[in-house]
Amino acid sequence: MGQSWCFVGLLLAYASGKKLWDVPVSQTQPQSTGKLHWEPQCQYQLRHLQDSARISALLPPQLEGHWISTGCEVRPGPEFLTRSYQFYSNRLFKAYQFYYWDPSCRNPSHSLVIKGKLRLRQASWITRGATEADYHLHKVGIVFHSQRAMQEISARINQTSGGGCGGFFPPGRSWAPGVLYEVLSAKEGRDCTTALGFAMHELSLVRVEKHHEPLLQTQPSSSRTVEELYLGDIHTKWSERLHYRPTGYQCPLQSAVHHVQPCPACGIIYRSDEHHPPILPAKAELPMQLSGRWVSAHCEVRPAVLFLTRYFIFHGTNRTWEGYYYHYSDPLCKQPTFTIYASGHYTKGVPSSIVRGGTELAFKVTCARVTAMDQVTVTMLNSSEPGTCGETGFWNAGLEQDITLTNGCLALGIKLPHTEYELFKMEQDMKDRSLLFIGERPTDGSSPDRPEKRPTSYQTPLIQCAGPTGVYSKHISPSYLGKEDNNGSEALKPLPLAFLLSLMAMQFLRWD
């Protein structure tokens, strides 16, 4: 998602015992933005995503410290929550999960306090760049923040059979503010968390990244360190989340010391506990105005070994859209495998009755083109059944083929025409950038091709890089062909195990 960075500033920040919202910014390093004067913002952002020199992945990951959400998170269900996790040098951890009734995280329902132990293992052979871990839960406690929350959750727990959970909460018990009820105890052998859909399998997949955030206000050539903790993804199907072992990530937590600024939610979440859940600042709801161009903020990781970046163009006047999906075999998005261009039209959005704050749309894909970017993909596509994926035998690296006439590409799991039922949301971050959240893809690799499969949570947001009135040159794909060979020309250099990774990715390909 590397080079080594100087840790002096990091050590000084920890030694001070203070947080960035209390003290001036720590030592910075000069760093050029690298943007060419003539370069459109969208193309600069796409190119900038491949600048892996600004990202350092810590292996093994250094977990010790305090990690927090930077805003209200949405999990499948939907569930609205914020998280605050503390990892200690003796491998113990204490985690808070604060749950809410609303998508703004202002009306708390209940809080969980989770204690246990975590042991890092080896680098993951499935999700490249991640580290596998084992965890053991010692105890889990719950605090209710309203009578309604206690009644609804206790009813679910009382219906759970086995483990002494039936009758755990006597009927008619009144809500008592601040009372902590133990729902899991390893010492007593009791676990009543099943009814909550609770599991901490997210701790079984770990990645820590460090990068530098430019200081644009007064020091354009300076930057501050940002550290992010990526934990395993949550299965989109409720019945599977208790057993699922992650192969992708949730939205990252950020270091309480080194986080993106400004961050009004960070200090609030950091100072909270199970008795005092964070109440986040109110945010205005933005109307759904898709027109314009949107691009990934960083290299994205999906379940089943998918690394990609996305670039969308929405034409609001006739509700048509175009999308570029750049797929890679590595978590830094440096080793391309194939690119998909798709286009079609979309319906007028209506407010979601399931996910408050979301907008429901239907997208139809009518045209698609594919560009194979490495020899492994070229070989696979040339071996496909004739008439199922463009012109079999004519695939070459870097050469685009139209797959519309073959009704898609069977080898890549693409069927045309195709309709998907989507969930969108727009927000504005603290830097006044417009963000577009698109529905999270089903974990099982299927497509939301029916209304009942519409997402109830979101992927990592896209950033608006141009409005509807911008005028740009023709879209230029980033340079994908790798490093120069001995003759000075660019050469394809696939990574070891690229064949295995690519085949696994093909089996689980989905539209975004």
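Each value, and the rule that gives it
Residues numbered from 1 in each chain as written. Predicted model: local features only at pLDDT ≥ 70, side-chain atom pairs only at ≥ 80, totals over all residues. Heavy atoms only, no water. Helix = DSSP H or I, 4+ residues; strand = E, 2+ residues; numbered from the N terminus. Phe/Tyr/Trp six-rings, centres within 6.5 Å; stacked < 30°, edge-to-face > 60°. Buried < 20%, exposed > 50% of the residue type's maximum accessible area, 1.4 Å probe, protein only. Lys NZ or Arg CZ within 6 Å of the ring centre and 35° of its normal.

A. Region of interest: unusual backbone geometry. Pro-262 follows Gln-261 through a cis peptide bond whose omega is 0°. Topologically, Pro-262 is positioned in the loop between strand S12 (253-255) and helix H4 (264-270). Cis peptide bonds are those with omega within 30 degrees of zero, and the linkage from Leu-416 to Pro-417 qualifies with -10°. By the secondary structure assignment, Pro-417 is in the loop between strand S22 (414-415) and strand S23 (418-428). Look at Arg-91: it is not a glycine, yet its phi comes out positive at around 75°. Its identity is not glycine, yet Asn-407 carries a phi of approximately 55°, on the positive side. Relative to the helices and strands, Asn-407 resides in the loop between strand S20 (400-402) and strand S21 (408-409).

B. Structural context of the packing of aromatic side chains. According to the stated counting rule, one finds 17 aromatic pairs in the structure shown. With 6.2 Å between their ring centres and 10° between their planes, Tyr-324 and Tyr-326 make a pair best called stacked. A relative accessible area of 13% places Tyr-324 in the buried class. By relative accessible area, which is 0% here, Tyr-326 ends up buried. Summarising the aromatic geometry, the rings of Phe-363 and Phe-424 are spaced 5.2 Å apart at their centres and angled 20° between planes, so their arrangement reads as stacked. Here the residue Phe-363 occupies a position in strand S19 (residues 359-372), and Phe-424 occupies one in strand S23, the gap between them amounting to 61 residues. For the pair formed by Phe-363 and Phe-424, the shared burial category is buried. Of the aromatic side chains, those joined through ring pairs into one cluster are Phe-312, Phe-314, Trp-321, Tyr-325, Tyr-346, Phe-363 and Phe-424. In this structure, Lys-425 is placed above the aromatic ring of Phe-437, and the distance from its NZ or CZ to the ring centre is 4.6 Å.

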